[in-house]
Amino acid sequence: ESVLLLCERSGCGAMTLNSVALPQVSGGALGGGASVYSSQSRRRRSWVWNQFFVLEEYTGDEPLYVGKLHSDLDKGDGQVRYVLSGEGARSIFSIDEDTGDIHATKRLDREQQAYYTMRAQARDRKTNLPLEPESQFIIKVQDINDNEPKFLDGPYTAQVAERSPIGTSVVTVVATDADDPTYGNSARLVYSILQGQPYFSVEPKTGVVRTALPDMDRELRDRYLLVIQAKDMIGQMGGLSGTTSVTVMLTDVNDNPPRFPRKSYQFSIPESALVSAVVAKIKALDVDVGPNAEMDYRILDGDGLGTFRILTDPHTQEGLVTLLKTLDFETKSSYTLRIEASNRYVDTRYLSVGPFSDLATVRLLVENVDEPPRFSSPVSRMSVSEAAPVGTEVGLVSANDPDVSKSPIRYTIDRKSDIEHYFDIDSQSGVIRTSRHLDRELSTLHNITVLATESLDHSQVGKALVLISVMDVNDNAPSFAIEYQTFVCENAQPGQIIETLSAVDPDEPKNGHHFLFSVPAKAAGNLSFILRDNNDNTASVLTRRAGFLQREQLFHFLPVVISDSDSPSLSSTNTLTITVCDCDLHGNHRSCSQRVSPLLLDGLALTTAILLTCLLTLRRRREPLITDDERDVRENIVCYDDEGGGEADTEAFDMFTLRHLNQTKRSCHATTAEPLPAIKDKNQLFQEFIRNRLLEANLDLTAPPFDSLQTYAFEGSGSAAESLSSFSSLSSVESEQSYRFLSEWGPRFRKLAELFGDHEGGVAS
């Protein structure tokens, strides 16, 4: 129990509260008695105390006695009343008003609240006036060992390298105790290891876990589970304890060299294996992990050093033997390699274990397979002149069967590579010949594929590429480089250059092109223009005179002979058309066709009509017989989607003209701008054409029977069938059609009745 220490006036070294002056209290205020205090006097307090202590976690049935308050003014006659206030007053702590005894009525927990601040006062029971000033004191909850240590960060996971020396720090564990660290040993902890010995240890005071054995091998055991205990009361009997687990994982170091499971290996490889193909796999074992297990393979020696190479698979750490060259069973049937496997990263601390490498022998046996024929050269280059006659020998290819059977070979050309069949090959000898005339200007190089097939096994086919170059001969004459549009101004002066000519030749002579320009002897006396060869594959056209006029001659024609310098020399005659133009003072042409004479235009028109007639005649002769469904062209219907504006459209046509066709015929002929002689000439031209066609149809026994010409240019009284128009029928007085019934059909037909009613009235009138 906690004991309240009371002190006399002389004091006991405990907390002493000085008295304070109190205001004077009248006798009436005290119920008629004498005054308790003098207004001017100062007295020492009659009662003092130290702080109170009370044990936590009290489990008794009665309230726990805390202490006692007492004042010297209390004579024991019941005139003094003790009052308690502050934290927990009346809820946790109670006081006997008569005796001043303080009790705790509830169970206290220091970890929730360590002390309570209270205020006490002695009062007169009758007047309730304070006999002494209110004073403050503390009730402190005294700790007991009621909390075990706890590892707030547990469980723990840690790593340490294998083969670490003794005492290597692994991890630090920390436990906490909620009890009062300043009172007793309730919060003083000691660490110990319950599980994990003899491999690890823990420092009792700091909780540092360390290795306890040297040379722990990850390859034997890589994981340890430790149990660490923390106990309060300095580990003495009766102390509380808590535990946590620590998982320690050993990390790898490169302390194991690679080792081949076998010292020799043997593999079989078909001789048809492709270059760069993986033909064998070997693997050295390394019990280490991660980068410590990575290794490199290399071929130290052997007769296959230049035929094979070895690489490391980065995912499986296997050695991959790949092919560098093609194999031939008939040439060499086996190879031997000595291969070394070594760690890529070596830890020098463990070199004493031995070399971190191992050796193995690999024997590779080549298997014979049926191979296709092999050409002496996979690519052959040949040449032939484009003037070579059909059947000219171009070259020879040869292939043989590399197998022991030595099957005969049959040669063919893959027609996908020679679609136009320019070449043939002798199936027995492999001689390639031309089968068509060649033209270097169409194709300078022919790329053909020759196939060699075994006669005993048609599935075995070899291929070779043959490149045939076509050699050039001079078989093309030069010509103008472009289509020239040359003009000469009417005001041109003699000796003026009006055009510079150049030429092209699809041939390609060895020494390059050299063209000669000249005028043929017949045109040498041309009085208008001069041709001058510039000796640089160009020629200049100059005017010989002045005074060119469009109205006299619009076009001038100058023949130009262009020759090459090859042997034999070829030449061509090209005609240069020179147009006379109207030019400004600077020689820029403004017009080249405005002053053409009418006679020239008439001549051109007549020529065009004659050519058209000839073309139609030729086309008519070449036409095949038409069928019965196509025979009567008069039943064809041609639809036009253009829609007129009706009678309101006076721009497209005149309704008056349509209704009075006879009256407007003369005016139409009168307003035409074409002179009558010209129309007569055209009519004669077409009449003659029609007569010729009619005569031809009459004489042609295979022609259809209704070869005739129908004209539907207009309708009206001029037609033999009379007019078909409804306009004239409406205007006829003999029409018996009446539209009076429209007025009886109601409002919807009112507009139509008015329209036709007005028309009938106009006819009657």
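Criteria and cut-off values
Residues numbered from 1 in each chain as written. Predicted model: local features only at pLDDT ≥ 70, side-chain atom pairs only at ≥ 80, totals over all residues. Heavy atoms only, no water. UniProt positions renumbered as here; feature names shortened; annotations may be inferred. Helix = DSSP H or I, 4+ residues; strand = E, 2+ residues; numbered from the N terminus. Buried < 20%, exposed > 50% of the residue type's maximum accessible area, 1.4 Å probe, protein only. Contact = heavy atoms within 4.5 Å. Disulfide = S-S within 2.5 Å. Pairing = 2+ DSSP bridges. Lys, Arg positive; Asp, Glu negative; His and termini not counted. Salt bridge = Lys/Arg side-chain N within 4 Å of Asp/Glu carboxyl O. Polar contact = N/O pair within 3.5 Å; in protein donor to acceptor, adjacent residues only side chain to side chain. Axes fitted to C-alpha atoms, helices over the stretch in contact; angles between N-to-C directions. Patch = residues over 30% accessible without salt bridge, like charges linked within 9 Å, V, L, I, M, F, W, Y side chains within 5 Å. Areas by Shrake-Rupley, 256 points an atom, 1.4 Å probe, with all protein chains shown as cover. Phe/Tyr/Trp six-rings, centres within 6.5 Å; stacked < 30°, edge-to-face > 60°. Lys NZ or Arg CZ within 6 Å of the ring centre and 35° of its normal. Core = buried A, V, L, I, M, F, W, Y, C linked by side-chain atoms within 4.5 Å. pLDDT = per-residue confidence, 0-100.

- Naming follows an unreviewed UniProt entry, where the protein chain appears as Cadherin-12 of Amphilophus citrinellus.
- As stated in UniProt under Function (unreviewed entry), the record for the protein chain gives "Cadherins are calcium-dependent cell adhesion proteins."

Describing the overall build of the protein chain
Line of reasoning, step 1. When helices and strands are counted, the protein chain shows six helices and 39 strands.
Line of reasoning, step 2. Across the 765 residues in the protein chain, those meeting the buried criterion constitute 33%.
Line of reasoning, step 3. For the protein chain, contacts bridging at least 24 residues in sequence account for 66% of all contacts bridging at least 6.

What to know about the state of the cysteines
Line of reasoning, step 1. For the structure shown, the criterion picks out two disulfides.
Line of reasoning, step 2. Put simply, Cys489 and Cys583 are joined by a disulfide, and their sulfur atoms are 2.1 Å apart. Its S-S torsion of approximately -85° makes the covalent link between Cys489 and Cys583 left-handed. One end of the pair, Cys489, is in strand β32 (residues 486-489); the other, Cys583, is in strand β38 (residues 571-583), with 94 residues separating them in the sequence. Grouping residues by exposure puts Cys489 and Cys583 together as buried.
Line of reasoning, step 3. In this model Cys581 forms its disulfide with Cys592; the gap between the sulfur atoms is 1.8 Å.

Points about the environment of Lys522
Line of reasoning, step 1. For Lys522, the position within the fold is in the loop between β34 (516-518) and β35 (529-533).
Line of reasoning, step 2. Given a relative accessible area of 87%, Lys522 falls into the exposed group.
Line of reasoning, step 3. Sequence-wise, Lys522 and Pro559 are 37 residues apart; in three dimensions their C-alpha atoms are separated by 9.4 Å.

Details of the pairing of strand β13 (residues 223-231)
Consecutive residues of a regular strand have side chains that alternate between opposite faces of the sheet.
Line of reasoning, step 1. In terms of burial, β13 is largely enclosed, as seven of its nine residues are buried.
Line of reasoning, step 2. Note that β13 and strand β14 (residues 241-251) share nine bridges and pair antiparallel. When the bridges of β14 are listed, Lys231 appears paired with Ser241.

Quick look at unusual backbone geometry
Line of reasoning, step 1. With an omega dihedral of 5°, the bond running from Gln197 to Pro198 counts as a cis peptide bond.
Line of reasoning, step 2. Here Pro198 is to be found in the loop between β10 (190-195) and β11 (200-202).
Line of reasoning, step 3. With an omega of -5°, the peptide bond running from Ser567 to Pro568 counts as cis.
Line of reasoning, step 4. Locating Pro568 in the fold gives a position in the loop between β37 (555-563) and β38.
Line of reasoning, step 5. Of note, the phi angle at Ser276 is positive, near 80°, even though the residue is not glycine.
Line of reasoning, step 6. Relative to the helices and strands, Ser276 resides in the loop between β15 (264-270) and β16 (278-282).

Overview of the side chain of Asp180
Line of reasoning, step 1. Note that Asp180 resides in the loop between β9 (169-172) and β10.
Line of reasoning, step 2. Buried within the structure, Asp180 lacks any salt-bridge partner; Arg110 is the closest side chain of opposite charge, at an N-O distance of 4.2 Å.
Line of reasoning, step 3. There is a polar contact of 2.7 Å between the side chain of Asp180 and the side chain of Thr182.
Line of reasoning, step 4. Beyond its immediate stretch of four places on either side in the chain, Asp180 contacts Arg110, Asp143 and Ala187.

Re the sheet that holds strand β24 (residues 393-396)
Line of reasoning, step 1. Strand order across the open sheet formed by three strands is β24-β28-β27, with antiparallel pairing between neighbours. Only two strands of the sheet have a single neighbouring strand rather than two, namely β24 and β27 (423-425). On average, each strand axis in the sheet is tilted by 25° relative to the strand beside it, whichever way the strands run.
Line of reasoning, step 2. Here β24 runs beside strand β28 (residues 431-434); their pairing, made up of three bridges, is antiparallel. Considered in β28, the bridge of Leu396 is made with Val431.

Overview of a nonpolar patch on the surface
Line of reasoning, step 1. Together, Phe741, Trp745, Phe749, Leu752 and Leu755 line one region of the surface with nonpolar side chains, adding up to about 480 Å² of accessible area.
Line of reasoning, step 2. Checked against the element boundaries, Leu755 lands in helix α6 (residues 750-764).
Line of reasoning, step 3. Overall, Leu755 belongs to the exposed group, its relative accessible area being 55%.

Here we look at the packing of aromatic side chains
Line of reasoning, step 1. Inspection of every chain in the model, using the stated rule, returns 11 aromatic pairs.
Line of reasoning, step 2. Seen in terms of ring centroids, Phe480 and Tyr484 are 5.3 Å apart; in terms of plane orientation they differ by 85°. Their pairing is edge-to-face. Across this residue pair, the class does not change: Phe480 and Tyr484 are buried.
Line of reasoning, step 3. Aromatic ring contacts, followed pair by pair, group Tyr199, Phe200 and Tyr224 into a single cluster.
Line of reasoning, step 4. Cation over ring: Lys332 sits above Tyr335, and NZ or CZ is 5.2 Å from the ring centre.

What to know about the pattern of salt bridges
Line of reasoning, step 1. Scanning the model with the defined rule gives 25 salt bridges in all.
Line of reasoning, step 2. In this structure, the salt-bridge partner of Glu441 is Arg440, at a minimum N-O distance of 3.2 Å.
Line of reasoning, step 3. Look at Glu441 and you get partly exposed, because its relative accessible area is 24%.

Observations regarding the nonpolar core
Line of reasoning, step 1. In terms of nonpolar packing, the biggest core is built from 24 residues, with Phe260, Tyr297, Phe308, Val321, Leu337, Ile339 and Leu364 touching the most fellow members.
Line of reasoning, step 2. If you list the elements that add at least two residues to this core, you get β15, β16, β17 (295-302), β18 (308-312), β19 (319-323), β20 (334-343) and β21 (357-367).
Line of reasoning, step 3. Other than its neighbours up to four places away in sequence, Val321 contacts Ala277, Val278, Val279, Ala280, Phe308, Arg309, Ile310, Leu337, Ile339 and Leu364.
Line of reasoning, step 4. Ile498, Ala539, Val580 and Cys583 belong to the second largest nonpolar core, which has 23 residues in total.

Brief notes about the sheet that holds strand β31 (residues 479-480)
Picture the strands of a sheet paired through backbone hydrogen bonds; they go either parallel or antiparallel.
Line of reasoning, step 1. Taken in spatial order, the four strands make up an open sheet running β31-β33-β36-β35, and their pairing is antiparallel. The open sheet terminates on both sides in strands that have one partner only, identified here as β31 and β35.
Line of reasoning, step 2. Examined bridge by bridge, β31 and strand β33 (residues 497-504) share two bridges and lie antiparallel to one another. Paired with Phe480 across the strands is Ala503, a residue of β33.

Quick look at the pairing of β38
Line of reasoning, step 1. Strand direction decides the pairing type here: β32 and β38, joined by four bridges, are parallel. Pairing of Val488 across the sheet is with Val580, part of β38.
Line of reasoning, step 2. With nine bridges connecting them, β37 and β38 associate as antiparallel partners. Residue His556 lies in a different strand from β38, and its bridge partner there is Ile578.
Line of reasoning, step 3. Bridge count for β38 against strand β39 (residues 589-591) is two bridges, and the pairing is antiparallel. Its bridge partner being in β39, Asp582 is matched across the sheet by Ser591.
Line of reasoning, step 4. Where β38 hands over to β39, the hairpin turn is made up of five residues, of which Gly587 adopts a positive phi near 85°.

What about the confidence of the model for the protein chain?
Line of reasoning, step 1. On average, residues of the protein chain carry a pLDDT of 79, and 76% of them reach 70 or more.
Line of reasoning, step 2. Segment residues 594-606 is flagged for pLDDT under 50; beyond a separation of four residues in sequence, or across chains, it makes eight contacts in the model.
Line of reasoning, step 3. This stretch, residues 663-676, has a pLDDT under 50; its non-local contacts, to residues over four places away or in other chains, come to five contacts.

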